[in-house]
Amino acid sequence: MASHALITLVSIILAVIFFSVPLVVKYHVYKPQKKIVVAGDVITVDAGLSSVWCQGVEFSANSKFRSFLYDTEPAVDESEVVRTVSTHHITLPNKAQEYWGFRLLRGSSVNITSCARLIRADVTVVKGIGGLKKCLREHRKKSLDDDFSGEDSQSQSESDEDTSSISSSQGVLTNETDILYVCSNSLLHEELPISYTCTHPFTKVARQQTLSQYVTESDYYYYVFSSNTYLDILPNEFSIVFTIDRTHFNYSTNISNCSKNNSCQLSIPIGSHPKVVVQMEGVNGTLRSEKLQVTCKPREWIFLIFYALFLIVIFLCAFQ
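No experiment lies behind these values; they were computed from the predicted model shown. (Residues numbered from 1 in each chain as written. Predicted model: local features only at pLDDT ≥ 70, side-chain atom pairs only at ≥ 80, totals over all residues. Heavy atoms only, no water.)

Caption draft 1: Spatial organisation of the overall build of the protein chain. When helices and strands are tallied, the protein chain shows five helices and 18 strands. Within the span of the protein chain, comprising 320 residues, buried residues form 46% of the whole. Here the protein chain has roughly 15900 Å² of accessible surface; of this, 56% comes from carbon and sulfur atoms. (Helix = DSSP H or I, 4+ residues; strand = E, 2+ residues; numbered from the N terminus. Buried < 20%, exposed > 50% of the residue type's maximum accessible area, 1.4 Å probe, protein only. Areas by Shrake-Rupley, 256 points an atom, 1.4 Å probe, with all protein chains shown as cover.)

What follows is the structure, encoded as C-alpha cells:
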C-alpha cells in the first residue's frame, strides 16, 4: 500500500512537471520582449532567446528595420558610419530633468546643438544604466526604483537586457535641491546657451553648438537635460538637435538576415549560441521612441515531447 501511494505521488509530480515546464518556458522564461528604440538605433538581442526552446525569433515594429543573426559575437565596423539628425523640443518645470538614451557602438560620435529660454539649464552625459541610476540618486531623496514610471520601473539590475528596456526612452524626474545637475560620474557636462527666442514659433531658433562626444566603448549613453532656474513659477523651454554619426556591425559575416518592412523572422539552428542584431532605419526628423517587439517562436517538437510524456504518465498512473 505504501509503495502504491509513493508511485502515485511520484506520477503526480512528474505529470505536473511535464505539463508546466513548457508553459513556464513559453510565458515566463522566453516571453515576448518590448524594447524601446529610436530611428537609427543598432541594438543586440541576446537575453530571452534559446536555440533549444526557440526555433526562431520574430520581430515587429511600426518602422522599417533590418535584423541579422550571427553564430559568434559580431564585430564593429568603424568604417561604416550613418548619420541621423533628430530634433527635440521640451518644456521642463523648474528643478526637473529629462533624459534620453541611445545604444552607441565604438567609433560613433554625438554632436548636440541646443538652447534654453531661461538660465541655469544644462546637459549631463552618463554611461550605462548603472551610471544613470547613480546620477539620478544623487539628486533625489527617494530610491530610483520608486520614481521611475511606466515601463522604466521594471529595470532593476544593470544587465544589458534591463538597460535596453529604458534605452532611447524619455524620463522626467524632479530635483529638490538648488544645486545644478552635475553628476559625480558624468562623462561630460555643459550649460546650455540662453536665448529668449528659443522654441519661439515665429523666429529662427538660436541653437548653438553645445556638446561633442566621441564613443570609445560600446554601451548605452544617457543625455540628461535639467532646469534649475531662480524662477520657480516659470517652466524652461529647450530646443535640441542630436546629430549622431553611428558606426555599425560588420553585417557581411551574418549567417541569416531579413529586411522586410515592419516584421520578419529569423530561424535559429538548434545547439547554436545566437547573437541577433537589429538595425532600425535611420530617419531624420523629430526625436521619438517606439517599441520593437521580440518574440521567441517555440520549437514545437520539444513541447510535444513534454506533453506526450505527460499523457504517458497519466495513462500509466490510471492502471496502477
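Caption draft 2: Main features of the side chain of N254. Considering the arrangement of structural elements, one finds N254 in the loop between β13 (236-249) and β14 (256-258). On the accessibility criterion, N254 (17% relative accessible area) is buried. Among the polar contacts listed, one links the side chain of N254 to the side chain of N257, at a separation of 3.1 Å. Those residues in contact with N254, other than ones at most four positions away along the chain, are F68, L69 and Y70. (Polar contact = N/O pair within 3.5 Å; in protein donor to acceptor, adjacent residues only side chain to side chain. Contact = heavy atoms within 4.5 Å.)

Caption draft 3: Molecular detail of unusual backbone geometry. Non-glycine residue R120 carries a positive phi angle of around 60°. Examined against the element boundaries, R120 turns out to sit in the loop between β7 (109-116) and β8 (121-127).

Caption draft 4: View of the state of the cysteines. Following the criterion strictly, the structure yields three disulfides and no others. In this model C54 forms its disulfide with C296; the gap between the sulfur atoms is 1.9 Å. The sign of the -110° torsion about the S-S bond sets the C54-C296 disulfide as left-handed. One end of the pair, C54, is in strand β3 (residues 54-60); the other, C296, is in strand β18 (residues 289-298), with 242 residues separating them in the sequence. Given a relative accessible area of 12%, C296 falls into the buried group. (Disulfide = S-S within 2.5 Å.)

Caption draft 5: Layout of helix α2 (residues 128-137). For α2, the tally of buried residues reaches eight of 10 residues, placing the bulk of the element in the interior. Residues of α2 that are buried: G128, I129, G130, G131, L132, K133, C135 and L136.

Caption draft 6: Geometry of the pattern of salt bridges. Under the definition given, this model contains six salt bridges. Across the salt bridge formed by R246 and D41, the nearest N and O atoms sit 3.3 Å from each other. Separated by 205 residues along the polypeptide, R246 in strand β13 and D41 in the loop between β1 (33-38) and β2 (42-45) bring together distant segments of the chain. There is no split in this pair, since R246 and D41 are both buried. (Salt bridge = Lys/Arg side-chain N within 4 Å of Asp/Glu carboxyl O.)

Caption draft 7: Structural detail: the packing of aromatic side chains. Tallied over the full model, the rule gives 12 aromatic pairs. Seen from their ring centres, W53 and F303 are 5.4 Å apart, and the 80° between their planes marks the pair as edge-to-face. Here W53 is found in the loop between β2 and β3, whereas its partner F303 is found in helix α5 (residues 300-318), with 250 residues between them in sequence. Each member of the pair, W53 as well as F303, is classed as buried. Centre to centre, the rings of Y99 and Y222 are 6.3 Å apart; their planes meet at 70°, and the pair counts as edge-to-face. With Y99 in strand β6 (residues 96-104) and Y222 in strand β12 (residues 219-227), this residue pair connects regions lying 123 residues apart in the sequence. For the pair formed by Y99 and Y222, the shared burial category is buried. Through successive ring pairs, a cluster of aromatic residues spans F18, W53, F303 and F306. In this arrangement the basic side chain of R66 is found over the ring face of Y251, its NZ or CZ atom lying 5.3 Å from the centre. (Phe/Tyr/Trp six-rings, centres within 6.5 Å; stacked < 30°, edge-to-face > 60°. Lys NZ or Arg CZ within 6 Å of the ring centre and 35° of its normal.)

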